[in-house]
Amino acid sequence: MRILLITASALALTACASAAPGSADGEPVKWGPAARIARAAPPPHMPADLSPAGVRAADDHLALEEVEGAEAMAFVAAENERSLAALTGDRRYEPFRQQAEAILTATDRIPGPSFLGEGIGNFWQDAANPKGVWRRTTLESYRSATPRWETMLDIDALSRAEGKDWVWKGADCLAPDETRCLVSLSDGGKDAVAVREFDTSTGLWVEDGFILPEGKHRLEWLDRDTLLVATDFGPNTLTESGYPFIVKSLKRGQTLAQATEVYRGDIGDGGYGVSPSVYRDGAGAVQAVLISRPLDTFRSETWELVDGQPVKLRLPERVNVRGVTGGLLIFSIDEDWRLFPDRPMHKAGSLLAYRLPELGDRTDAFLIDGTATVFEPGDRQSLEEVAVLEDRIVATLYDNVRGRLVQFVPGERPANVPNRPRLTIKTWDQSAIPIPDNVAVHLGDRSRSSGRIFYSVDGFLTPSTLSLADTRAGTTAVLRQAPARFDASTHVVEQFEATSSDGTKIPYFVVRPKDLVMDGHAPTIIYGYGGFQVSKPPIYIPEMGKLWLENGGVYVNANIRGGGEFGPAWHQAVLKENRQLAFDDYAAVARDLQARGVTSPRRTGIYGRSNGGVLTSVAMTQHPELINAAVIESPLIDMLRYHELPAGASWIGEYGDPRIPEEAAYIARYSAYQHLRPDTEYPRVYITTNTRDDRVHPGHARKFAARLAEQGHDHLYYEETSGGHSNDADPVANARRWARHYVYLAQQLMD
């Protein structure tokens, strides 16, 4: 059972002169401002020398990159005081805060379940326990209206006892009994965690248990007394991104210095660090031990440990291993690929099943892939989540960003190989697991031993419903339905398409009042991400519905390129030198909304965080005429120095490498920090970040705010001092965060 909540990933160019849609029927017209920017004199802070040294020399705000430096913290304190006065002093702030806190701490929320031995585990936060409790119950009790919970670990009490700002980051428990668990705790919400071994049968820390100091670890149980560990083993054991490239076997009682090396990548590796994975059957027996060695953000090598020795598998570099079942490795591919030149070509986005011996260097393997394709996507379709069970595969698919839930059951047919009459090969029979139309579907935890899997469905106006599928029995049962947190009866969801600068159709969802008059007056938030192949399907956002929709607002979800909505090609279309297309897509959606009469520039706001901060900061600098508000949260902004700030170098596969002159040149065409101009009229923007964010450095947001100030542009800047990148430390603090967001948006778009 794994309920580790840390995500490894994270965090999406052509010249600015381009064309964009200017009418609801999608006929493109020329962008004005982008073309003018391309022809104008360089911005005053654009370095003439784009080398790393030249960029550094031209940056007058480097002191703000010192996370807790005196100048930086004085800047934060002054900006926070000014911005809090403007936001918390608004008459709407306290009602918004109370409404958000009531939603985020409500006791009738669905408690997210995970299988834990013979029972069910859950991590729960509310007003009484803002840091949360890890608790358990039986499946029978969980099915009831009032489950009987037993607390195993109280993070609030632990923090008080140890004088730490502990934030729960999950637990990894050893199958099949799942009584020994590696608990990850973050100081203040950082991605880096400390790890301790916990015994759920006693409710105590294990006396001679595994303990790891704070770090960005990659851990797997090999057996009860052995871990596979990738971490900081001392000098020269981390990549430039700060991630490990060495895997060692750590025995109980050993120190990290005594651990035995089993695999070594290279200090120059990219991505998020080498990572071991142990795949087990329903009884807990090890089926395979794999190691992923990232070469960059998206390319990796896959190795199998065979008799303690690493063997490189014949897999594509753009691959996602999904699991192992019956000797078959289940994986999806993000590039067209064939095992050998005489084998079938598999389409990018497909889900495949190959025997492990076929993929290694074992000469005794009889090579025949047969029907290796489990699923091949069609146009405007993508594979999302995959759960590999003992005798089948369950997956979520998206058709034009609308969810489906399916299962694939293996069968057999004759292989028709001469002189091998009894040889059979796998087939895969697909069937649907019924869910409502026009919703998103998400897989939850699964039990290989029982064939059960949790799943949930929701939509923009439809609260989440949690169900349990028994795949062997062929039954599903609704377990929980979340109550509505806002009045959805007044709104409707529509899907439209905008035409981007290169003619590509960009889908987007609009959540608007049913009786909206299309005269451009509606306050509208356009949410965007567009990176790292992360899809953004419909989702129920209760605080948005309560604080924005109920007050007459419109919410737009833009499925721009860079995401995974239509598979790998949708993402790869805007990598590196093509990044401008993602920004063009976003502007196309804004223009299309305004051409339809949904909103107008005066009433249009944008919101993005993390990679979405690149998007929104560029939208603000390239097209200030399209918007009157921007919430730029936990952002990347200084793209000419992002690789210098932890953990920026891990994203070079997405954006390019500023150390390479030709790549620095195309990044410089859009990097918003360098593109600010004192003579351009920008809307008052709201920039916000977190001091404890060790994924996207707070220096990006600080420097952007400082430059806006020195150029005389009105803005708001607020920096939270705990919570990290994920903002999951405390629901009470999170309520304040959402109240600030929506007060600002109301000021800009509704007043």
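The structure we're discussing is the one just above.
The model shown is predicted, which means the values in this text are computed figures rather than measured ones. (Residues numbered from 1 in each chain as written. Predicted model: local features only at pLDDT ≥ 70, side-chain atom pairs only at ≥ 80, totals over all residues. Heavy atoms only, no water.)

Asks: What exactly am I supposed to notice about the pattern of salt bridges here?
Replies: When the charged atoms of two side chains lie near each other, side chains of opposite charge can form a pair. All chains considered together, the criterion is met by 47 salt bridges. Notably, a salt bridge pairs Glu-197 with Arg-252, separated by 2.8 Å at the nearest N-O pair. Residue Glu-197 is located in strand E9 (residues 193-199), and its partner Arg-252 is located in the loop between strand E14 (246-251) and strand E15 (260-264); the two are separated by 55 residues in the primary sequence. With respect to class, Glu-197 is no different from Arg-252; both count as buried. One continuous salt-bridge network, built from bridges that share partners, spans Arg-180, Glu-197, Asp-199, Asp-208, Asp-225 and Arg-252. (Salt bridge = Lys/Arg side-chain N within 4 Å of Asp/Glu carboxyl O. Helix = DSSP H or I, 4+ residues; strand = E, 2+ residues; numbered from the N terminus. Buried < 20%, exposed > 50% of the residue type's maximum accessible area, 1.4 Å probe, protein only.)

Asks: So what exactly am I meant to see when it comes to helix H6 (residues 155-162) here?
Replies: The α-helix winds at 3.6 residues per turn, so residues separated by three or four positions along the chain end up facing the same way. Within the sequence span of H6, burial applies to Ile-155, Asp-156, Leu-158 and Ser-159. The arc that holds the buried residues of H6, viewed along the axis, is 165°, so those residues lie on one side. The exposed residues of H6 that point more than 90 degrees off its buried face are Arg-160 and Ala-161. In this structure, the buried residues of H6 make contact with strand E4 (119-124), strand E6 (150-154), strand E7 (166-173), strand E8 (180-187), E9 and strand E10 (204-205). Following H6 by one or two positions, Gly-163 adopts a phi angle in the positive range, close to 65°. (Arc of directions from axis to C-beta. Contact = heavy atoms within 4.5 Å.)

Asks: Looking at this structure, I do not really get the environment of Gly-271. What am I missing?
Replies: With respect to the helices, strands and loops of the structure, Gly-271 is situated in the loop between E15 and strand E16 (275-280). Separated by 80 residues in sequence, Gly-271 and Asp-191 place their C-alpha atoms 15 Å apart. What Gly-271 contacts, discounting residues up to four positions off in sequence, is Ser-241, Tyr-243, Pro-294, Asp-296, Thr-297 and Ser-650.

Asks: Where do I start with the state of the cysteines in this structure?
Replies: Defined simply, a disulfide is a covalent bond joining two cysteines at their sulfur atoms. Scanning all chains against the criterion turns up one disulfide. The partner cysteine of Cys-173 in its disulfide is Cys-181, sulfur to sulfur 2.1 Å. Between Cys-173 and Cys-181, the S-S dihedral sits near 105°, and the bridge is therefore right-handed. Looking at Cys-173, the relative accessible area reads 3%, which means it is buried. (Disulfide = S-S within 2.5 Å.)

Asks: Sorry, what's going on with the side chain of Ser-634 here?
Replies: Following the sequence through the fold, Ser-634 ends up in the loop between strand E37 (629-633) and helix H12 (652-655). Note on Ser-634: relative accessible area 2%, which makes it buried.

Asks: Help me understand the packing of helix H3 (residues 70-88) against helix H15 (residues 699-710), please; the structure alone is not making it clear to me.
Replies: Packed helices, taken two at a time, are described by the angle between their axes plus the distance between the axes. At a minimum axis distance of 11 Å, the contact between H3 and H15 shows a crossing angle of 65°. Taken together, H3 and H15 sit at an angle that is classed as roughly perpendicular. As H3 runs across H15, the sense of the crossing is left-handed. Contacts from Ala-72, Met-73, Phe-75 and Val-76 of H3 reach H15 at Arg-702, Ala-705 and Ala-706. Residues of the contact of H3 with H15, tallied by class, amount to six nonpolar, no polar and one charged. (Axes fitted to C-alpha atoms, helices over the stretch in contact; angles between N-to-C directions. Parallel < 35°, antiparallel > 145°, perpendicular 65-115°, else oblique. Left-handed = near helix turned anticlockwise from the far one by under 90°. Nonpolar A, V, L, I, M, F, W, Y, C, P; charged D, E, K, R; others polar.)

Asks: How do you make sense of the sheet that holds strand E23 (residues 373-375) when you look at a structure like this?
Replies: Within a sheet, adjacent strands bond to each other through the backbone by hydrogen bonds, running parallel or antiparallel. With antiparallel pairing, four strands are arranged side by side in an open sheet as E20-E21-E22-E23. Taken across any chain shown, the strands that pair with only one partner, and hence form the sheet edges, are strand E20 (319-325) and E23. Averaged over all neighbouring strand pairs, the angle between strand axes comes to 30°, with direction disregarded. Here two bridges tie strand E22 (residues 351-355) to E23, and the two strands are oriented antiparallel to one another. Each bridged residue has a counterpart across the sheet, and for Leu-351 the counterpart in E23 is Phe-375. (Pairing = 2+ DSSP bridges.)

Asks: How should I be thinking about the sheet that holds E15 in this particular structure?
Replies: Reading across from one edge, E12-E13-E14-E15 is the order of the four strands in this open sheet, with antiparallel pairing throughout. In this open sheet, the two strands that pair with only one neighbour each are strand E12 (218-223) and E15. Taking the axes of each pair of neighbouring strands and ignoring which way they run, one obtains an average angle of 25° across the sheet. Sheet topology places E14 next to E15; four bridges connect them, and they run antiparallel. What sits directly across from Ser-249, in E15, is Thr-260.

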